[in-house]
Amino acid sequence: MFTTNTEEIPGKTITRCFGVVSGSTVRAKHAGRDLMASLKNIFGGELKGYTELLCESRDEAIERMKSQAKQMGANAIVNVRFSTSSVAAGAAEIYVYGTAVAAE
Amino acid sequence: MKEAKFQGILPTHNDNVSHDHPLKEFTTLLLGAVGLILLAYWLLGFAVDGAVAHISPETEEQLFAKFDLPLADKLVDDPEDQARLQHLTDQLRPFVSVAYPVKVLIFKSSMANAFALPGGYMAISTEMLAKVKSENGLAFVIAHELAHFHNRDHLRGMGRGIVMTALAAAVTGPNSSLSRLLAPTSQFGQAQYSQARESLADQTAITALNGYYGHVGGVDEFFTQMIGMPEHPVLQPFASHPQLKRRIERLEQLRVKNGWQVKAVTPY
Amino acid sequence: MGDLIVFLVLISLGYGFGKWNEASHYKSIDRREKRLVYLPTTNSRKPLGENGTVQRAYLVSGSVVISVDYFKRILAGLRNLFGGSVRSYETLVDRARREAILRMKESCPKAKQIINLRVETSSIYKGRKNQIGSVEVLAYGTAIEYERG
């Protein structure tokens, strides 16, 4: 199952299209990461804890989208788009969506 | 994409949600949070004990000189009674190894109670004075409170009370009924701890009485008086004092173990 | 004591009504999705297939705001202590998305396909203390109608 964020897959032809598929996760940080973040608020710099957290969430969301596409019988997802939003205090929601296709 | 044929299919199962029961998650998380709070309280208790060890009576007097006395509005001004109690207290002090002065105050209350307060004050209620008939019984109560001073229990209790209030305020907010309930005195959270300290104070008191009077007659007078009062069996573990019967039994065991005598009591 | 009772009542109300709401909403979503599965929806820039000359192409959108119930909020608060996926919010967001996309499809009964689908999610707060949280999802795309014949 491969994913691209282009219209077409370079080097392949799309034979069938199954519609939009999506994957989403909502992840919360824990108190420990929060503490580090407050310290960083004084000193500045990359919040490695949060970066890791969002990275994991994105990977999981992509996995969910792929599994949904597989259920429909697709073997590729094109036009993948990401969207992040905060839906609760301290929790971020990652949403990935794309068009599931069968490509050869 | 123009050549692609569309095939409308719906996924068979929804992967974007978890299928665990939310109540199960709720119970697990709640138990985890409660466990964390209890752990924090237990660990901070050690810090309190450590801090209390470093507060000498002189420091304590200076620290609390500026504070308003609790029960200040209920104090009774009876110079004669106060002088007698103060005299008895001063006599008993050396037998409990309390070398610094402890000031006795009388407060009005319908419950028979006595408190050891930070700053070196001992407060005895009017009801207590009414209930206890003999000097020995009263001396036991005074010696018990003096023992708390010696063991720095009044500071420990206050310290733990502050920790408990701080934790409650951190979780539920400072204005919640829980925080307000816990604020004034150390409540059920630290009862088991207190029960051990209370037994220790009982032990010290009876030994002191034997030293002062030469016998242990009348020590359980207060308890036997109180035995008529109803006790709440379910909340007992959370009460800060062990059950009355158990206290009497323990005192009796100590008396037998040490071979102390029981003689006639001096009326008050 | 009063605070605790109020809290327990709110949580049970939140849990009970929330569960019922969610179940009935999901049923409705499943039903409508089955009905509208024939309508191709993609997020490509060009239409699928060659169905003839395009008669009309217009923007369509569907949006919904769904509120969080008390039980979900408390669960999310507890999760914030320990970290991990906030499962109570996953169903909320999932419902909102599917509902928004369905509303968009339902708003154009004559369309033959919808292209360039985009989905925007945002949360609506009341403020730090009194967090009446709700999730708003907007789904929009271009609907295409072909000439007959």
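Definitions and cut-offs
- Residues numbered from 1 in each chain as written.
- Chains lettered and ligands numbered in written order.
- Predicted model: local features only at pLDDT ≥ 70, side-chain atom pairs only at ≥ 80, totals over all residues.
- Helix = DSSP H or I, 4+ residues; strand = E, 2+ residues; numbered from the N terminus.
- Rg over C-alpha atoms; globule rule 2.2 N^0.38 Å.
- Buried ≥ 20, exposed ≤ 12 C-beta atoms within 10 Å, placed from the backbone.
- Pairing = 2+ DSSP bridges.
- Contact = placed C-beta atoms within 7 Å.
- Axes fitted to C-alpha atoms, helices over the stretch in contact; angles between N-to-C directions.
- Nonpolar A, V, L, I, M, F, W, Y, C, P; charged D, E, K, R; others polar.
- pLDDT = per-residue confidence, 0-100.
- Parallel < 35°, antiparallel > 145°, perpendicular 65-115°, else oblique.
- Left-handed = near helix turned anticlockwise from the far one by under 90°.

All right, on to the overall build of chain A then. A tally of regular secondary structure across chain A gives two helices and four strands. Taken from the N to the C terminus, the helices and strands of chain A come in the order β-β-α-α-β-β. A globule of 104 residues ought to have a C-alpha radius of gyration of about 13 Å, yet chain A, at 17 Å, is considerably larger. Taken along its principal axes, the extent of the C-alpha atoms in chain A is 55 × 25 × 15 Å. The buried share of chain A, taken over its 104 residues, is 38%.

This part covers the sheet that holds strand β5 (residues 121-125) of chain B. Neighbouring strands of a sheet are bound in pairs by backbone hydrogen bonds; such pairs are parallel or else antiparallel. Residue and element names in this part refer to chain B. Within the open sheet, the four strands sit side by side as β2-β3-β5-β4. Their pairing is mixed. Both outer strands of the open sheet, β2 (75-76) and β4 (114-117), are each paired with one neighbouring strand and no more. The pairing of strand β3 (residues 103-107) with β5 spans five bridges and is classified as parallel. Note on β5: the bridge partner recorded for L105 is A123. Strand contacts of helix α3 (residues 79-92): β3 and β5, with the helix running at about 140° to β3, the strand carrying the most contacts.

The next point concerns the interface of chain A and chain C. Listed as interface residues are 28 residues of chain A and, on the opposing side, 29 residues of chain C. Looking at the side of chain A that touches chain C, the elements with two or more residues in it are β2 (14-30), β3 (76-88) and β4 (91-103) of chain A. Per-class residue counts for the side of chain A that touches chain C are eleven nonpolar, twelve polar and five charged. Summarising the sheet, β2 of chain A and strand β2 (residues 83-85) of chain C pair through two bridges and their orientation is antiparallel. Bridge pairing links R27 of chain A to S85 of chain C in β2 of chain C.

Moving on, we come to the sheet that holds strand β3 (residues 113-124) of chain C. Residues and elements named next belong to chain C. As summarised here, the arrangement of the three strands in space is β1-β4-β3, forming an open sheet in which the pairing is antiparallel. On the outer flanks of this sheet lie β1 (54-67) and β3, each paired with one strand and no other. Pairs of neighbouring strands in the sheet enclose a mean axial angle of 15°, with direction left out of account. Sheet analysis places β1 next to strand β4 (residues 134-146), joined by 13 bridges and oriented antiparallel. Opposite V60, over in β4, you have G141 as the bridge partner.

Further remarks concern the interface of chain B and chain C. In this assembly, 22 residues from chain B lie in contact with 23 residues from chain C. Secondary-structure elements contributing two or more residues to the side of chain B that touches chain C are β1 (5-6), α1 (22-53) and α7 (177-182) of chain B. Among the elements that take part in the side of chain B that touches chain C, α1 of chain B stands out by supplying seven residues, more than any other. Of the residues assigned to the side of chain B that touches chain C, the class counts are eleven nonpolar, seven polar and four charged.

Moving on to the confidence of the model for chain A. Residue-level pLDDT values for chain A average 89, and 100% of them are 70 or greater. Element-level mean pLDDT values for chain A span from 81 in helix α1 (residues 31-43) of chain A up to 92 in β4 of chain A.

What follows is about the confidence of the model for chain B. Residues and elements named next belong to chain B. In the predicted model, chain B carries a mean pLDDT of 79, and 84% of its residues have values of at least 70. This stretch, residues 185-192, has a pLDDT under 50; its non-local contacts, to residues over four places away or in other chains, come to 17 contacts. Listed scores for the predicted complex are pTM 0.75 and ipTM 0.86.

At a minimum axis distance of 10 Å, the contact between α1 of chain B and helix α2 (residues 70-82) of chain C shows a crossing angle of 50°. With respect to α2 of chain C, the axis of α1 of chain B lies oblique. Of the two possible hands of crossing, α1 of chain B and α2 of chain C adopt the one that is left-handed. Contact residues: P22, E25, F26, L29, L30, G32 and A33 of chain B in α1 of chain B; L75, L78, R79, L81 and F82 of chain C in α2 of chain C. Tallied by class, residues from the contact of α1 of chain B with α2 of chain C come to nine nonpolar, one polar and two charged.

Along the chain, the position of K5 of chain B falls in strand β1. Classification of K5 of chain B as exposed rests on a count of 12 C-beta atoms within 10 Å. Contacts of K5 of chain B, omitting those with residues within four sequence positions, involve R16 of chain A together with G49 of chain C.

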